[in-house]
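Examination of the molecular architecture
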Amino acid sequence: MYDLEDDRGVPISSGIPPVVLYAGIAGVVLIFVIAGMVLATAGSGHVWPASATLNIKLS
């Protein structure tokens, strides 16, 4: 189908394919899920403040 207002016969875009749209949405959601997992586990295994690291018992 062509644009009726354009004399050059430019084709009308049919839009973004649904597979590409769903993959893009899933990718953005996955980015936020991974970022949340990283932030949730960021405090695990860390000792703050840095001066307290001298008190860690090593096996």
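Everything discussed here concerns the structure shown above.
On a predicted model such as this, the values are computed, not experimentally measured, just so you know.

Within the chain, the regular secondary structure consists of one helix and zero strands. Counting across all 59 residues of the chain, residues that qualify as buried make up 0%. Summing over all exposed atoms, the chain offers an accessible surface of approximately 5,700 Å²; the carbon and sulfur share of this is 70%.

Below, the discussion takes up a nonpolar patch on the surface. Together, Ile 16, Val 20, Leu 21, Tyr 22, Ile 25, Val 29, Leu 30, Val 33, Ile 34, Met 37 and Val 38 line one region of the surface with nonpolar side chains, adding up to about 1,100 Å² of accessible area. Along the chain, the position of Val 20 falls in helix H1 (residues 18-41).

Definitions and limits used
- Residues numbered from 1 in each chain as written.
- Predicted model: local features only at pLDDT ≥ 70, side-chain atom pairs only at ≥ 80, totals over all residues.
- Heavy atoms only, no water.
- Helix = DSSP H or I, 4+ residues; strand = E, 2+ residues; numbered from the N terminus.
- Buried < 20%, exposed > 50% of the residue type's maximum accessible area, 1.4 Å probe, protein only.
- Areas by Shrake-Rupley, 256 points an atom, 1.4 Å probe, with all protein chains shown as cover.
- Patch = residues over 30% accessible without salt bridge, like charges linked within 9 Å, V, L, I, M, F, W, Y side chains within 5 Å.
- Salt bridge = Lys/Arg side-chain N within 4 Å of Asp/Glu carboxyl O.

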